[in-house]
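# Residue-level structural notes
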Amino acid sequence: MKSRLFSGVQPTGNLHIGNYLGALKNFVRLQSSYESIFCIVDLHAITIYQEPVQLRAKNREIAGLFLAAGIDPKLSSIIVQSQVAAHAELAWMLTCVTPIGWLYRMTQFKAKSETIREKSDTQDSIGDGLLQYPVLMAADILLYQAKVVPVGDDQAQHRELTRDIAQRFTSLYGETFVMPETSLPSVGARIMGLDEPDKKMSKSATGAGHAVALLDEPSLIKKKIMRATTDSNPAVDFDTMGPGVANLLAIYQAFDECSDDTMRERFAGMRYGDLKKTVAEKTIEHIEPFQKRYREMMADPAYLDGILKAGAERVQPIAAATVQLVKERMGLYTASR
Ligand code: TYM
C-alpha cells in the first residue's frame, strides 16, 4: 500500500512562482508515488479577514491552478478544507493538548499579528484563529495519517510543531498518528522577492515588482524580472554573488531542473541584462502553457466542482476513521458497538 501525502495551499492573494516552484511542482512530481491529497485551505484563509465573494472565487481558482500545474484528479484527491468537517473537529481536540506557549512562539503568528496591528484597515483586532492556525495545520496532516508533507521552506516551523503535537498526544493518550516527514524541493524551496531578495516571495507583499504571479501576462513577467534587484557586480560570479542574483539563478534552475555544473557552465560571467532576459524567457516558457491549461479549466466550473466533490467523498472515510480513533483515545462519547 502506498504511503499518504498531504499538502495545502491557502486561497488568498495571487499564487506566484514561489508557490509553484516550492510546492505545486513538487506535488506533481510526487503524486504518483503516494496516495496524495491536495487541500485548498479556506479555513486557514479566514484567520485573516477575507472578502466573502473573493474567497469563494479563489477556492475555484486554486483548484484550476492545481489542475493546470498537472495534478491529476485520477491519481490525487483535490479537496476544499471546509468541505470536510473533520478538519475543524480534530483541530479542536488537538488545541486542547497544545501548550499555548508553543503557539505564541511561532514566527508567522508574530509577523502576521504585527502586520494586522500596524497596517490593516479591514481588521481592528487579531482573531484567535491566527494563534490556532498551526494547530489546524497539524489537524490537516494528522487527520489523514500523512507520512509525506511537501511544502516550501517557510512552513518548516509549522511542520515541526505538527510533530510536537503528535508526540504530545501520544504521550497523553498512546500511539495514534503516523509521524509526518518533510519533503523539500532541492532547488526552489525558498524563492525570494524580486525587489527585496532578502525577504521570501510572498502573496501578501504589495510591491509591484515583488512577485511574478502565475497568472501575470508574459509581458509583465518579463518587465518584473528585468527590474529585479541584483548587486554591484556587472556579471555573474558564483563566488561573490548577492542574494538577488542567487535568486534569479534559483528560479532558472528550479524551472529547468539542470545540474549545478550546467548552471555554472551556462551562467558564469554572463552580464546581468542577459541573465535576466534568459530567466524571463525560461519562466515564460513554463508559465504560458500553464496559463492556457488554466483558462481551459476555468471555462468549465461544473467540471471543477465535480472534482472537488469527488475528492471530498474519497477522503471522508479516512478522516472519519481518524476522528473516531481520537475520540476513543480521549474518552469522548462514542456510541457503544
Ligand atoms: P501558503 O498558501 O502560504 O503557500 C503554499 C505553498 O507554497 C510554499 N511557498 C513557497 N515556496 C518557495 N518560495 C516561496 N517564496 C514560497 N512561498 C510559499 C509554501 O511553503 C507552501 O508549501 N500553512 C500553509 C498551508 C497549509 C498546509 C497545511 C501546508 C495548511 N495546512 C498542511 C501543508 C500541510 C500555507 O500557508 O501555505
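Residues numbered from 1 in each chain as written. Predicted model: local features only at pLDDT ≥ 70, side-chain atom pairs only at ≥ 80, totals over all residues. Heavy atoms only, no water.

### Some points on the domain arrangement of the protein chain
When its domains are assigned, the protein chain resolves into domain 1 (4-184 + 300-330) and domain 2 (218-296). For domain 1 versus domain 2, the distance between C-alpha centres works out to 31 Å. Carbon and sulfur atoms supply 73% of the area buried between domain 1 and domain 2, which totals about 920 Å² over both sides. The interface formed by domain 1 and domain 2 includes 1 salt bridge. The salt bridge partner of lysine 25 is glutamate 257, with a shortest N-O separation of 2.3 Å. Taken together, domain 1 and domain 2 are joined by 3 residue pairs in polar contact (both at pLDDT 80 or more). Of all the secondary structure elements, the ones that give two or more residues to the side of domain 1 that touches domain 2 are α1 (17-30) and α3 (52-69). Take the side of domain 1 that touches domain 2: its biggest share by element is 5 residues, from α3. (Domains from an automatic or database assignment. Buried area = accessible area lost by both parts, 1.4 Å probe. Salt bridge = Lys/Arg side-chain N within 4 Å of Asp/Glu carboxyl O. Polar contact = N/O pair within 3.5 Å; in protein donor to acceptor, adjacent residues only side chain to side chain. Helix = DSSP H or I, 4+ residues; strand = E, 2+ residues; numbered from the N terminus.)

### Re the pairing of strand β3 (residues 76-80)
Counted residue by residue, β3 has 5 buried out of 5 residues, so it is predominantly covered. Neither face of β3 is left uncovered, since the one carrying Ser76, Ile78 and Val80 and the one carrying Ser77 and Ile79 both have all their residues buried. Both strand β2 (residues 35-40) and β3 contribute to a ladder of 5 bridges, which runs parallel. Bridge pairing in β3 links serine 36 to serine 76. (Buried < 20%, exposed > 50% of the residue type's maximum accessible area, 1.4 Å probe, protein only. Pairing = 2+ DSSP bridges.)

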